[in-house]
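Overview (structure and organization)
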Amino acid sequence: MRRQLREDVPPLTGATSLGIAEARRRLIADMAGIVVSSGAFGIVFGLAAERAGYSIAEAVAMSTIVFAGASQFAAVGLVAAATPWPAIVLLTGFLNARHLLYSAALAPWLRRVPRLERAAMAYVLTDEAFALSLAHFRRLGRVDVGGYWIAAIGSTFIPWNVATVVGFLVGGSIGAPERFGIDVVFPAAMAGLSVGLIAGRREIVAVAAAIVVALVVAVAWDPHAAIVIGGLVGPLIGLALVSAERPG
Amino acid sequence: MNGGLIGLAILMGAVTYPWRALPLLAPGVERLPPLVLAYLRLVGPAVLAALAAVNTVVVTDASGRASLHFGIVLPAVVLCVAIVAWRRNLFLGLLAGVGLAALSRAVGLA
């Protein structure tokens with residue numbers, strides 16, 4: 001089974017010789033821009049929450065308990081519009097459904113990690129944690145639990161929560177993040193990390209198909225559903241159109 | 001508001017956590033057929049690309065209607081991707097992308 005998995009989850013382009021220290025150094029380098037992005041949007045969330053009438057405890061509770069930016073921003077607007085809680089909770093479940101794909105993609109890597117630790121790891125699984133840790137595992141050619149925690153806690157959990165407090169308290173005195181190009185960081189980081197995970201034609205086809213499907217669904221129906229549907233359908237097209245390749 | 005939204009945060013967290021945890025905690029991951037594992041290997045780059053694409057060119061108006069918008073974010077992301085593909089350095093790519101967007105806005109091009 002191990003051999004099967006290793007063939008099925010090939011490392012990122014010739015990087016298997018990396019030692020853990022070097023791989024973690026690259027991980028931390030990859031994290032740098034994402035920390036800035038998480039911090040900037042955390043500040044914006046803190047400010048938005050303050051203006052919507054949240055107390056600081058409520059803003060912090062959102063960032064520590066929900067810990068999912070898009071649904072937190074949506075909730076700010078919905079709370080301000082006096083939307084009933086069940087509708088907000090339902091929308092939250094819908095917005096965060098993509099995490100199911102992240103969890104499923106990481107599951108084969110983390111299968112030997114104790115169940116309790118996996119349960120804790122799931123709590124901090126975000127777009128950023130997924131992207132960084134998967135790229136890190138592929139560079140190493142194996143799982144690195146410490147690396148996962150570094151990616152999840154260091155890139156997002158701490159910056160997002162600290163920035164929520166900062167934004168709540170002093171966000172009004174900080175200029176719009178767009179002025180500094182900070183709005184580019186998140187999509188660019190996700191795109192860059194996606195490119196780093198491409199190891200063959202199958203991935204290229206899956207990525208291209210996912211982009212096309214996602215954009216069509218976003219315009220025709222819903223941008224959040226588009227991410228999930230693109231992420232589900234793209235790999236199917238990759239598998240259907242490209243026969244199996246030998247890794248490396 | 002006076003703490004009432006903490007209850008909402010708990011409910012929102014309660015519907016989010018299962019998405020994050022269920023596949024990680026489900027038994028039998030080791031017994032998945034190779035085709036399913038091959039599929040899961042493709043999910044990572046595909047869902048990140050979809051996320052990036054939607055966040056790059058899709059804008060939603062006040063009524064919630066989405067449309068495509070090709071602003072400065074698109075060339076900035078493309079520049080980042082090109083540098084990552086060339087140099088395998090995400091931070092360098094992000095610096096270039098952010099720099100392009102910030103500079104374009106500063107000089108009024110975007």
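Residues numbered from 1 in each chain as written. Chains lettered and ligands numbered in written order. Predicted model: local features only at pLDDT ≥ 70, side-chain atom pairs only at ≥ 80, totals over all residues.

Some points on the overall build of chain A
We count it as follows: Segments assigned H or I by DSSP are reported as helices when at least four residues long, segments assigned E as strands when at least two residues long, and all are numbered from the N terminus. Exposure classes come from backbone-placed C-beta atoms, where a residue is buried if 20 or more other C-beta atoms lie within 10 Å of its own, exposed if 12 or fewer do, and partly exposed in between. It is the C-beta atoms, placed from the backbone, that decide contacts: two residues are in contact if theirs lie within 7 Å.
Looking only at helices and strands, chain A features twelve helices and zero strands. A total of 248 residues make up chain A; the buried ones form 52% of that total. Put simply, of all contacts in chain A between residues at least 6 apart along the chain, 76% involve residues at least 24 apart.

Some points on the overall build of chain B
Helix and strand counts for chain B stand at four helices and two strands. Walking chain B from its N terminus toward its C terminus, one meets helices and strands in the order α-α-β-β-α-α. Expressed as lengths along the three principal axes of its C-alpha atoms, the size of chain B is roughly 55 × 50 × 25 Å. When each of the 110 residues of chain B is scored for burial, the buried share is 48%. For chain B, restricting intrachain contacts to residue pairs at least 6 apart in sequence, the fraction spanning at least 24 positions comes to 25%.

Things to note about the domain arrangement of chain A
Residue and element names in this part refer to chain A. For clarity, the cut-off: Bear in mind that the domain bounds are from an automatic or database domain assignment. All residues other than Ala, Val, Leu, Ile, Met, Phe, Trp, Tyr, Cys, Pro, Asp, Glu, Lys and Arg, Gly among them, are scored as polar; the first ten of these are nonpolar and the last four charged.
On domain assignment, one finds that chain A holds domain 1 (2–199) and domain 2 (200–248). Taken together, the contact between domain 1 and domain 2 spans eleven residues of the former and ten residues of the latter. Counted by class, the side of domain 1 that touches domain 2 contains eight nonpolar, one polar and two charged residues.

Let's talk about the nonpolar core
Rules: Note on definitions: a nonpolar core is a set of buried residues drawn from Ala, Val, Leu, Ile, Met, Phe, Trp, Tyr and Cys, linked by C-beta atoms within 7 Å.
Membership of the largest hydrophobic core comes to 120 residues, with the highest contact counts inside it found for Ala210(A), Ala214(A), Ala49(B), Ala50(B), Ala76(B) and Cys80(B). Counting residues per element, this core draws most heavily on helix α2 (residues 34–57) of chain B, which supplies 14 residues. Looking at this core, you find at least three residues from each of domain 1 (2–199) and domain 2 (200–248) of chain A. If near-sequence neighbours (up to four positions away) are discounted, Ala210(A) is found in contact with Gly230(A), Gly231(A), Val233(A), Gly234(A), Ala46(B), Val47(B), Ala49(B) and Ala50(B).

A few points about the interface of chain A and chain B
Across the contact, 90 residues belong to chain A and 67 residues belong to chain B. No other element matches the twelve residues that helix α10 (residues 185–196) of chain A contributes to the side of chain A that touches chain B. Along the lines of polarity and charge, the residues of the side of chain A that touches chain B split into 60 nonpolar, 18 polar and twelve charged.

Structural notes on helix α3 (residues 73–87) of chain B
For clarity, the threshold we go by: A helix is expected to span 1.5 Å multiplied by its residue count minus one.
Taking 1.5 Å as the rise per residue, α3(B) with 15 residues should run 21 Å; its terminal C-alpha atoms sit 21 Å apart, in good agreement. Buried within α3(B) are the following residues: Val73(B), Ala76(B), Val77(B), Leu79(B), Cys80(B), Val81(B), Ile83(B) and Val84(B). The inward-facing, buried residues of α3(B) contact α10 of chain A together with α2 and α4 (90–106) of chain B. Arg88(B) occupies a position one or two residues after α3(B) and carries a positive phi of about 55°.

Comments concerning helix α3 (residues 56–66) of chain A
Looking at α3(A), one finds that the buried residues are Glu58(A), Ala59(A), Ala61(A), Met62(A), Ser63(A), Ile65(A) and Val66(A). Phe67(A) occupies a position one or two residues after α3(A) and carries a positive phi of about 50°.

Some thoughts on the environment of Met62(A)
With respect to the secondary-structure elements, Met62(A) resides in helix α3. For Met62(A), a count of 30 C-beta atoms within 10 Å corresponds to the buried category. Considered as a pair, Met62(A) and Phe73(A) are eleven residues apart in the sequence and their alpha carbons are 9.9 Å apart. Those residues in contact with Met62(A), other than ones at most four positions away along the chain, are Ala49(A), Gln72(A), Ala75(A) and Ala9(B).

Re the environment of Thr92(A)
Among the secondary structure elements, Thr92(A) is positioned in helix α5 (residues 85–95). Note: C-alpha distance between Thr92(A) and Ala70(A) (22 residues apart in sequence) is 8.6 Å. Apart from the residues within four sequence positions on either side, Thr92(A) is in contact with Ser71(A), Ala75(A), Met12(B), Val15(B) and Thr16(B).

Looking at the confidence of the model for chain A
In plain terms, the rule: One number per residue, pLDDT, summarises how confident the predictor is, and it ranges from 0 to 100.
Across chain A, pLDDT averages 87, with 91% of residues at or above 70. Contacts for the low-pLDDT stretch residues 1–15 of chain A, under 50 throughout, to residues beyond four places or in other chains number 26 contacts.

Thoughts on the packing of α10(A) against α2(B)
So the rule is basically this: The angle between two axes is taken between their N-to-C directions and runs from 0 to 180 degrees, where each axis is a line fitted to C-alpha atoms and a helix contributes only its stretch in contact. Should an angle lie under 35 degrees it is considered roughly parallel, over 145 roughly antiparallel, and from 65 to 115 roughly perpendicular; all remaining angles are considered oblique. Here is the rule for handedness: rotate from the far helix to the near one, and if that takes an anticlockwise turn smaller than a right angle the crossing is left-handed, while a clockwise turn gives right-handed.
Following both chains from N to C, one finds α10(A) and α2(B) inclined at 155°, their axes separated by 8 Å at the closest point. Comparing the axis directions of α10(A) and α2(B) gives the class roughly antiparallel. Handedness of the crossing formed by α10(A) with α2(B): left-handed. Contact with α10(A), carried on its side by Phe186(A), Pro187(A), Met190(A), Ala191(A), Leu193(A) and Ser194(A), involves Pro45(B), Leu48(B), Ala49(B), Leu51(B), Ala52(B), Asn55(B) and Thr56(B) of α2(B) and no other residues of that element. Of the residues contributing to the contact of α10(A) with α2(B), the split by class is ten nonpolar, three polar and no charged.

A closer look at the confidence of the model for chain B
Residues and elements named next belong to chain B. For chain B, the mean per-residue pLDDT works out to 91, and 97% of the residues sit at or above 70. No element of chain B has a lower mean pLDDT than α2, which averages 91, and none a higher one than helix α1 (residues 5–25), which averages 96. Under the prediction, the complex receives an ipTM of 0.88, its pTM being 0.78.

With respect to unusual backbone geometry
Unusually for a residue other than glycine, Ala82(A) sits at a positive phi of about 60°. Residue placement: Ala82(A) occurs in the loop between α4 (69–80) and α5. Using a count of 6 C-beta atoms within 10 Å as the deciding quantity, one classes Ala82(A) as exposed. Residue Arg88(B) is not a glycine yet carries a positive backbone phi of 55°. Examined against the element boundaries, Arg88(B) turns out to sit in the loop between α3 and α4. In this structure Arg88(B) comes out as partly exposed when scored by C-beta crowding, with 17 C-beta atoms within 10 Å.

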